[in-house]
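For reference, the chains in residue letters:
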Amino acid sequence: MSLAAPDGTGIHLPAVDSPPTAAGAPARWGHRHLLDLDVVSWPEIELVMRTTDAMREVLGRPIAKVPALRGTGVTILFYEASTRTRVSFEVAAKNLSADVVNIAAASSSVTKGESLVDTIRTVEALGADMIVMRHGTSGAPYLAAEHFAGSVLNGGDGWHAHPSQALLDLYTIRERLAGGPDLRGRKVVILGDVLHSRVARSNIWSLTAAGADLWLCGPATLLRGFERWAAASGSAPGHGRFQVTSDVTAALRDADVVMALRIQRERMAGGLLPSLREYAARFGLTLDRLALARPDALVMHPGPMNEGVEISPEVAVHPRSVITDQVTNGVAVRMALLYLLAGAAGRTKEPSGG
Amino acid sequence: MSLAAPDGTGIHLPAVDSPPTAAGAPARWGHRHLLDLDVVSWPEIELVMRTTDAMREVLGRPIAKVPALRGTGVTILFYEASTRTRVSFEVAAKNLSADVVNIAAASSSVTKGESLVDTIRTVEALGADMIVMRHGTSGAPYLAAEHFAGSVLNGGDGWHAHPSQALLDLYTIRERLAGGPDLRGRKVVILGDVLHSRVARSNIWSLTAAGADLWLCGPATLLRGFERWAAASGSAPGHGRFQVTSDVTAALRDADVVMALRIQRERMAGGLLPSLREYAARFGLTLDRLALARPDALVMHPGPMNEGVEISPEVAVHPRSVITDQVTNGVAVRMALLYLLAGAAGRTKEPSGG
Amino acid sequence: MSLAAPDGTGIHLPAVDSPPTAAGAPARWGHRHLLDLDVVSWPEIELVMRTTDAMREVLGRPIAKVPALRGTGVTILFYEASTRTRVSFEVAAKNLSADVVNIAAASSSVTKGESLVDTIRTVEALGADMIVMRHGTSGAPYLAAEHFAGSVLNGGDGWHAHPSQALLDLYTIRERLAGGPDLRGRKVVILGDVLHSRVARSNIWSLTAAGADLWLCGPATLLRGFERWAAASGSAPGHGRFQVTSDVTAALRDADVVMALRIQRERMAGGLLPSLREYAARFGLTLDRLALARPDALVMHPGPMNEGVEISPEVAVHPRSVITDQVTNGVAVRMALLYLLAGAAGRTKEPSGG
């Protein structure tokens, strides 16, 4: 299978039916929806990584457009404000020549009390083949998927999951990590408000599957419940270590990757933290704290950043910061995801179909 | 005249100059604007229906796109929130290869006190050939049409009119009605808040013109003024019966079509109803009430639904519900309307012009 | 250099390396960004005018589209509500076949406290080659330009500048002025709330550079600081006269052009005016006041208008009003600006590259 460019030149994508991997599973994308990574196998994740390589090649062209999803309707249905994720999916879908419709909840009839299911049925009847959905309630995309004949991509639901973010994080780590893309035994720290973070939850699936030595670090109030997950995960075969701590020094020491999480001001009404200032003093990713990590450690952040709170301005633009790479890779990863999901639904075009 | 597909294949549209119909009027679209159905003749409505058939064929293609409106600027200017109507027109216009611009009033300079007429002049000067407009004030699209050199399509104005909705309702009834598309003598019930409903008002024109036996049913406070319309309409030659009642049993008995209207919570400040709960108990379309209608009666709703108020969840997804068909047909009807209005303005492309 | 139409026909643009003008500067566009006109030379302004002529020819075609910016990502990042400027840039960019992304601040993550610089870095990483930016804070586009690898076009910043508006004003004056495009010695009056007007500030640069006899007129409280600018400007070689007055009769007498400015209600909390009614009585552009100007004087307004305040309804639609021409020319001027800035960045396509 290959992606034909508008001018007829094509590029080769990884074969969708590649030989079984060491783990025995075939490297074939087997899901109609992308709701979270808990049901995505490691060979499937590797297929996303390889497909993203091909999409990066497309992005490097003077005209970064291929006809793969020509005639496919992609509706971006966001019930929460977003710049980067919304635009990233929009650009990705347009690069694949899909027909994109944006629906922002604030200006839609959901303000009139329409049920989510009714909205999904309507969006389908209006011609959507794929829905990219962000919603403030955990699980909402699952409900959507039950009632939608096409594919649902979760663009973030409540505290639950943000799978495309975790995949772009993984892609960025594998690309930039000194010593190569193999994460087995490499120390990855997720630092901050883990409790409210869908980014952290999705990353836990992909990073432990990659074999990383995963540390979650933050105030104890913002780690509640993760001890149990860590304990349960420890016994999974082929998975990396996974531990939880409030000791920021222990967490950062010799880390290969440090991912700071956004302090969600708008979700912190419950008094889980004394103040942003105290958070910054105790857990903010400063140059001093970064010095505990390996000299070539990567600095990551899903954005948008509160500079001076969870990350200092100097660290945000540090030479080891790959925060901008995360954004750029996000477009390529989302092109890959749209492409693979469309392929699973028999919707992608053959090379000559451009 | 035919619609050429991007790949050169074309389809045949109904001839715009077809022979005179029984009523003597030529089946030719004669209006620059579509503001309401009161001035649209039955042969013109039939032309919309046949053109919609052709557009449905386009929608069934792998790539549902024709170049009919290439180079035509369509501005969707909505002063009220909307999902389905806004997206429906947007998809319809893009399927015809028009250049679409969205303007949502909340984020536009109308919040700065600019007059409607000034906005219309500006939109025209920015390159719009057609404006699709929704406005909270009845008659606003008429004012717009007076000052716009192109075509105005009313996407809903105050309580006054929603002509494209009435046409998609008619198309859906004709397509799905057991016994064929002829509505003469068939009993159609519009149930609910008729007073505040632009959907009801536009449907009254098209359904009586189609010869239907039209019943409006709801609380007496929400039917005020329609008795007079019904009395006046009774004498129109070739038109169906038209009556008004608060007796829901009499209205629904042996109905061929039941169209439940949305209870406009946001417009009900005036104390016209005791409560939503009481409305649901007395007039909600439940399975029990639906059993009064003919066994093959169609269930319709313009959306968005308040399930549990004007329609029960079971009826909303009942096998006889054609609510989703209404949405799908809406795209095709709006493609037909944009096409016919552009044709009246000499803007559609010849087949070879694709 | 020429612009190739999609069907292969091309048009000729002014040579980018034209012979030196009288002033000695080469007529070549030398700026990566367009932040204000203070650093743009007169030969460069004339190059914009000639390029706009070419773009007007494109706009006159049945399909007003050229492939000049195919593959170029243009992000329209507006932190303030706007209809005309936002849509004008959007239509301009699409006419040049750019890939356009709209970001409205109200629905973006800037509401989550993200810094402007972080947003700019993100927009760049998402694929933007050019950013059109409107912001409530004077100077914000300069900050953006420092951190963006592509080109920034200022679509209005605080009270500071609105360069594309000044250029479309200049183009409209030159096109419509009785007696030809040479403004040397022609009397141009900017009337109203000069203090809060970015439109006025940018027009001062271009109109004095054009050699016009420029008068600023309004209540003394709304002219503060401009006396000094006028005094400093008087000595610039090759520039026209520039004076400031609250005497509306003296200002309008024998004027060739009268540009009324919007009274920014939303910015007038500081008690600078007693009331809108008094403003209208003393400075509103009425038919009586217009009679003081030359019989063929042009009436202009940047919009949106408060009719009955700074301009009477009769004057707004007066035969000498060129307010609608300003809007139409705005699309052509912005096509020219996007084209020239992209050319300076090596991004425009050769004719055969369509």
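Residues numbered from 1 in each chain as written. Chains lettered and ligands numbered in written order. Predicted model: local features only at pLDDT ≥ 70, side-chain atom pairs only at ≥ 80, totals over all residues. Heavy atoms only, no water.

1. Re the overall build of chain A
Piece 1. In terms of helices and strands, chain A carries 12 helices and 11 strands.
Piece 2. Taken across its 354 residues, chain A has 61% of its residues classed as buried.
Piece 3. If you take every contact in chain A between residues at least 6 apart in sequence, the share linking residues at least 24 apart comes to 75%.
Piece 4. Summing over all exposed atoms, chain A offers an accessible surface of approximately 12,500 Å²; the carbon and sulfur share of this is 54%. (Helix = DSSP H or I, 4+ residues; strand = E, 2+ residues; numbered from the N terminus. Buried < 20%, exposed > 50% of the residue type's maximum accessible area, 1.4 Å probe, protein only. Contact = heavy atoms within 4.5 Å. Areas by Shrake-Rupley, 256 points an atom, 1.4 Å probe, with all protein chains shown as cover.)

2. Some remarks on the pattern of salt bridges
Piece 1. Tallied over the full model, the rule gives 36 salt bridges over all chains.
Piece 2. Where D296 of chain A meets R294 of chain A, a salt bridge forms, and the shortest distance between an N and an O atom there is 3.4 Å.
Piece 3. According to the relative accessible area criterion, D296 of chain A is partly exposed, its value standing at 30%.
Piece 4. In this structure, R86 of chain C and E90 of chain C form a salt bridge, with 2.6 Å as the shortest nitrogen-oxygen distance. Taken together, the residues R86 of chain C and E90 of chain C, both in helix α2 (residues 84–95) and four residues apart, mark about one turn of the helix.
Piece 5. A residue is classified by how much of its surface remains accessible, and E90 of chain C, at 3% relative accessible area, is buried. (Salt bridge = Lys/Arg side-chain N within 4 Å of Asp/Glu carboxyl O.)

3. Comments concerning the confidence of the model for chain A
Residue and element names in this part refer to chain A.
Piece 1. The pLDDT averaged across chain A works out to 89; a share of 86% of its residues lies at or above 70.
Piece 2. Here residues 14–22 is modelled with pLDDT under 50, and outside its nearest four sequence neighbours on either side it reaches 17 contacts, counting other chains as well.
Piece 3. Here residues 350–354 is modelled with pLDDT under 50, and outside its nearest four sequence neighbours on either side it reaches four contacts, counting other chains as well.
Piece 4. Interface confidence for the predicted complex, expressed as ipTM, amounts to 0.90; the pTM equals 0.92. (pLDDT = per-residue confidence, 0-100.)

4. Here's the deal with the packing of aromatic side chains
Piece 1. Evaluation of the coordinates by the stated rule reveals 12 aromatic pairs over all chains.
Piece 2. With a centroid separation of 5.7 Å and 25 degrees between ring planes, the pair formed by Y279 of chain A and F283 of chain A is classed as stacked. With Y279 of chain A and F283 of chain A both in helix α9 (residues 276–283) and four residues apart, this pair spans about one turn of that helix.
Piece 3. Between W229 of chain C and F242 of chain C, the ring centres sit 6.2 Å apart and the planes meet at 75 degrees, which makes this aromatic pair edge-to-face. With W229 of chain C in helix α7 (residues 226–233) and F242 of chain C in strand β9 (residues 242–245), this pair connects stretches of sequence that are 13 residues apart. (Phe/Tyr/Trp six-rings, centres within 6.5 Å; stacked < 30°, edge-to-face > 60°.)

5. Topic: the pairing of strand β10 (residues 257–260) of chain B
Regular strands place their side chains on alternate faces of the sheet.
Residue and element names in this part refer to chain B.
Piece 1. Alternating residues of β10 divide into V257 and M259 and V258 and A260, and every residue in both groups is buried.
Piece 2. The pairing of strand β7 (residues 187–191) with β10 spans four bridges and is classified as parallel. Within the sheet, the bridge partner assigned to I190 lies in β10 and is M259. (Pairing = 2+ DSSP bridges.)

6. Overview of the sheet that holds strand β9 (residues 242–245) of chain B
Working definition: the strands of a sheet are paired by backbone hydrogen bonds and lie parallel or antiparallel to each other.
Residue and element names in this part refer to chain B.
Piece 1. As summarised here, the arrangement of the five strands in space is β9-β8-β7-β10-β11, forming an open sheet in which the pairing is parallel. Either end of the sheet is taken by a strand with one partner, and the two such strands are β9 and β11 (298–300). Taking the axes of each pair of neighbouring strands and ignoring which way they run, one obtains an average angle of 15 degrees across the sheet.
Piece 2. As paired elements, β10 and β11 share three bridges and run parallel to each other. Bridge assignment links M259 to a residue of β11, and that residue is M300.
Piece 3. Seen against the sheet, helix α5 (residues 163–176) touches β10 and β11 and runs at an angle of roughly 160 degrees to β11. (Axes fitted to C-alpha atoms, helices over the stretch in contact; angles between N-to-C directions.)

7. Re helix α12 (residues 323–344) of chain C
All names here are of chain C.
Piece 1. Here α12 is 22 residues long and its end C-alpha atoms lie 31 Å apart, about the 32 Å a rise of 1.5 Å per residue gives.
Piece 2. The buried count for α12 comes to 17 of 22 residues, which makes it a mostly enclosed element.
Piece 3. Trailing α12 by a residue or two, G346 shows a phi angle of about 70 degrees, which is positive. (Expected span 1.5 Å × (residues − 1).)

8. Focus on the environment of A128 of chain C
Residue and element names in this part refer to chain C.
Piece 1. Structurally, A128 is set in the loop between α3 (116–125) and β5 (130–135).
Piece 2. The exposure class of A128 is buried, given its relative accessible area of 9%.
Piece 3. For the pair A128 and A297, spaced 169 residues apart in the sequence, the C-alpha separation amounts to 42 Å.
Piece 4. Among residues more than four places away in sequence, those in contact with A128 are G73, T75, V123 and F148.

9. Notes on the side chain of D36 of chain B
Residues and elements named next belong to chain B.
Piece 1. Residue position: D36 is located in the loop between β2 (10–12) and α1 (42–59).
Piece 2. R201 provides the closest opposite charge to the buried, unpaired D36, separated from it by 8.3 Å.
Piece 3. Here S202 takes part through its side chain, which lies 3.0 Å from a polar atom of the side chain of D36.
Piece 4. Those residues in contact with D36, other than ones at most four positions away along the chain, are Y142, H160, A161, P163, S202 and W205. (Lys, Arg positive; Asp, Glu negative; His and termini not counted. Polar contact = N/O pair within 3.5 Å; in protein donor to acceptor, adjacent residues only side chain to side chain.)

10. Digging into the packing of α2 of chain C against α12 of chain C
Two numbers describe a pair of packed helices, the interaxial angle and the distance between the axes.
Residues and elements named next belong to chain C.
Piece 1. Contact pair α2 / α12: the axes reach a minimum separation of 8 Å and the direction vectors enclose 55 degrees. Classified by the angle their axes make, α2 and α12 are oblique. When the axes of α2 and α12 are compared, the crossing they make is right-handed. Here R84, T85, S88, F89, V91, A92, A93 and N95 of α2 come into contact with α12, specifically with V327, G330, V331, R334, M335 and L338.
Piece 2. Its residues placed into classes, the contact of α2 with α12 shows eight nonpolar, four polar and two charged. (Parallel < 35°, antiparallel > 145°, perpendicular 65-115°, else oblique. Left-handed = near helix turned anticlockwise from the far one by under 90°. Nonpolar A, V, L, I, M, F, W, Y, C, P; charged D, E, K, R; others polar.)

11. Regarding unusual backbone geometry
Piece 1. Along the chain, G303 of chain A connects to P304 of chain A via a cis peptide bond; the corresponding omega equals -15 degrees.
Piece 2. As for its position among the elements, P304 of chain A is in the loop between β11 (298–300) and α11 (313–316).
Piece 3. With a phi angle near 60 degrees, D254 of chain B is a residue other than glycine that sits in the positive phi range.
Piece 4. Along the chain, the position of D254 of chain B falls in the loop between α8 (248–252) and β10.
Piece 5. With relative accessibility at 48%, the residue D254 of chain B sits in the partly exposed group.

12. Remarks on the packing of α1 of chain B against α5 of chain B
Residue and element names in this part refer to chain B.
Piece 1. In the contact formed by α1 and α5, the axes pass within 11 Å of each other and the chain directions differ by 70 degrees. Considering their axes alone, α1 and α5 lie roughly perpendicular with respect to each other. On α5, the residues touching W42, I45, E46, V48, M49, T52, D53 and R56 of α1 are L167, L170, Y171, R174 and E175.
Piece 2. Here the contact of α1 with α5 is composed, by residue class, of seven nonpolar, one polar and five charged.

13. A short note on the environment of G271 of chain A
Residues and elements named next belong to chain A.
Piece 1. Residue position: G271 is located in the loop between β10 (257–260) and α9.
Piece 2. Overall, the relative accessible area of 58% leaves G271 in the exposed class.
Piece 3. C-alpha of G271 to C-alpha of T221: the two residues are 50 residues apart in sequence and 9.7 Å apart in space.

14. A short note on the environment of I173 of chain B
Residues and elements named next belong to chain B.
Piece 1. When you line up the elements, I173 lands in helix α5.
Piece 2. In this structure I173 comes out as buried when scored by relative accessible area, which is 0%.
Piece 3. The spatial distance from the C-alpha of I173 to the C-alpha of T51 is 16 Å, given a sequence separation of 122 residues.
Piece 4. Setting aside chain neighbours within four positions, we find I173 in contact with L183, L207, V257, L298 and M300.

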